[in-house]
Amino acid sequence: VVGPRVVVLVDQSRRMKLPEGSSTRLERAERAVRRVTEHFASARSTVLGFSEGPLEPVSLGPDETLASRGSRSDLSAAVRELAGAAGERPRAVVVVSDGRFSRPLGDMDTPALREAIGGLGVPVHTVRVIDEAPADASIRSVRAAGVAVAHQPLAVTVEVGCAGDLDCRRIPV
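About the criteria used
- Residues numbered from 1 in each chain as written.
- Predicted model: local features only at pLDDT ≥ 70, side-chain atom pairs only at ≥ 80, totals over all residues.
- Heavy atoms only, no water.
- Core = buried A, V, L, I, M, F, W, Y, C linked by side-chain atoms within 4.5 Å.
- Buried < 20%, exposed > 50% of the residue type's maximum accessible area, 1.4 Å probe, protein only.
- Helix = DSSP H or I, 4+ residues; strand = E, 2+ residues; numbered from the N terminus.
- Contact = heavy atoms within 4.5 Å.
- Patch = residues over 30% accessible without salt bridge, like charges linked within 9 Å, V, L, I, M, F, W, Y side chains within 5 Å.
- Areas by Shrake-Rupley, 256 points an atom, 1.4 Å probe, with all protein chains shown as cover.
- Salt bridge = Lys/Arg side-chain N within 4 Å of Asp/Glu carboxyl O.
- Disulfide = S-S within 2.5 Å.
- Arc of directions from axis to C-beta.
- Polar contact = N/O pair within 3.5 Å; in protein donor to acceptor, adjacent residues only side chain to side chain.
- Pairing = 2+ DSSP bridges.
- 1 Å grid on protein atoms, 1.4 Å probe; cavity = no way out; pocket = protein on both sides within 12 Å on 5 of 7 lines; lining within 4 Å.
- Points joined across faces, edges and corners; volume = space filled by probe spheres on them.
- Nonpolar A, V, L, I, M, F, W, Y, C, P; charged D, E, K, R; others polar.
- Phe/Tyr/Trp six-rings, centres within 6.5 Å; stacked < 30°, edge-to-face > 60°.

Participant: Sorry, what's going on with the nonpolar core here?
Facilitator: One broad trend across soluble globular proteins is that nonpolar side chains are buried collectively. Ranked by size, the top nonpolar core spans 17 residues in total, and within it Val8, Val10, Ala29 and Val96 carry the most contacts. Put simply, the parts of the chain that give this core at least two residues each are strand 1 (5-11), helix 1 (25-39) and strand 6 (92-97). Looking at this core, the element that brings in the most residues is helix 1, giving five residues. Not counting residues up to four positions away in its chain, the partners in contact with valine 10 are Ala29, Val33, Val47, Leu48, Gly49, Phe50, Val58, Leu66 and Val96.

Participant: Looking at this model, I keep getting lost on a nonpolar patch on the surface. Mind explaining?
Facilitator: On the surface, Ile139, Val142, Leu154, Val156, Val158 and Val173 cluster together into a nonpolar patch covering about 540 Å² of accessible area. Elements with a minimum of two residues in the nonpolar patch: strand 8 (136-144) and strand 9 (156-163). Within the fold, valine 156 resides in strand 9. Classification of valine 156 by relative accessible area gives partly exposed; the value is 47%.

Participant: Could you clarify how one ought to interpret the state of the cysteines in this entry?
Facilitator: Here is the idea: a disulfide is a covalent bond, and it sits between the sulfur atoms of two cysteines. What the rule picks out here adds up to one disulfide. Across a sulfur-sulfur distance of 1.9 Å, cysteine 162 and cysteine 168 are joined as a disulfide pair. In this structure the cystine formed by cysteine 162 and cysteine 168 twists about its S-S bond by roughly 120°; its chirality is therefore right-handed. Taking the relative accessible area as the measure of exposure, cysteine 162 reaches 24% and is therefore partly exposed.

Participant: Just to check I follow, could you spell out unusual backbone geometry for this structure?
Facilitator: Its identity is not glycine, yet histidine 151 carries a phi of approximately 65°, on the positive side. Its place among the elements puts histidine 151 in the loop between strand 8 and strand 9. Residue classification places histidine 151 among the exposed residues on the basis of a relative accessible area of 82%.

Participant: What is the right way to read helix 2 (residues 75-84) from this model?
Facilitator: Residue pairs three or four apart in sequence face the same way in an α-helix, which turns once every 3.6 residues. Every buried residue belonging to helix 2 is among Leu75, Ser76, Ala78, Val79, Leu82 and Ala83, and all of these are buried. Projected onto a plane normal to the axis of helix 2, the buried residues spread over an arc of 165° and lie on a single side. Where helix 2 begins, the capping side chain belongs to aspartate 74, and its oxygen is found 3.4 Å from the backbone nitrogen of serine 76.

Participant: Please clarify how the pairing of strand 1 should be interpreted in this entry.
Facilitator: The two faces of a sheet get side chains in turn, since along a regular strand they alternate between them. Within strand 1, seven of the seven residues are buried, which leaves it mostly tucked inside the rest of the structure. Covered by surrounding structure in strand 1 are Arg5, Val7, Leu9 and Asp11 together with Val6, Val8 and Val10, the residues of both alternating faces. Inspection of the sheet shows strand 1 paired to strand 4 (residues 44-50) by seven bridges, in the parallel sense. Among the inter-strand pairings, valine 8 is bridged to a residue of strand 4, identified as valine 47.

Participant: What should I look at first to understand empty space enclosed by the protein in this one?
Facilitator: Regions of empty space are outlined by a rolling probe, equal in size to a water molecule, passed over the atoms. Counted by the stated rule, this structure contains one cavity of 30 Å³ or more. Its volume calculated, the largest cavity comes out at about 30 Å³. If you trace the largest cavity, you find it lined by Gly49, Phe50, Ser51, Gly53, Pro54, Leu55, Arg69, Asp74, Ala77 and Ala78. Among the secondary structure elements, those contributing two or more residues to the lining of the largest cavity are strand 4 and helix 2. Its residues placed into classes, the lining of the largest cavity shows five nonpolar, three polar and two charged.

Participant: Please explain the packing of aromatic side chains as it appears in this structure.
Facilitator: Per the counting criterion, the structure on display carries one aromatic pair. Measuring from ring centre to ring centre gives 6.3 Å for phenylalanine 50 and phenylalanine 101, while their planes differ by 40°; the resulting arrangement is tilted. Of this pair, phenylalanine 50 sits in strand 4 while phenylalanine 101 is found in the loop between strand 6 and helix 3 (110-117), placing the two residues 51 residues apart along the sequence. The partly exposed category is assigned to phenylalanine 101, whose relative accessible area is 22%.

These values are about where atoms sit, not about what they do.
See below:
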């Protein structure tokens, strides 16, 4: 009897190196991937890493660790690549991440999220590696009116976004 094909997509973005408790998000993701593949021992599990660029096979032998690559977490492109791959379709997909994706965006409504997942037509399960999103401030956009000329004033608008319990009015730029 051949078990079903299960694909584990693990986030390998640089952000996963951030500390989380006594370890990093990447170390937590590695432990989660090992537990998921043990749980689906009777299935044919394939572990693929995603960030930016194409999916890459991940091998986690006893002496191997999960490495980070890339600066973004593009889950939409990873799922689209998986849906377009030749061969047998998976029966399920498990995503291991901290949930901070560059695409799809976190504020997507249900129809937009379904469109982002694409034509996989299989259940997509998630495993989170953080308990709470940390307080975070980020520069959302920078706009300048006009052209910069040496020794001349230039108006610049910087939009800062805050998450968690940060007060955006008190963030130095």
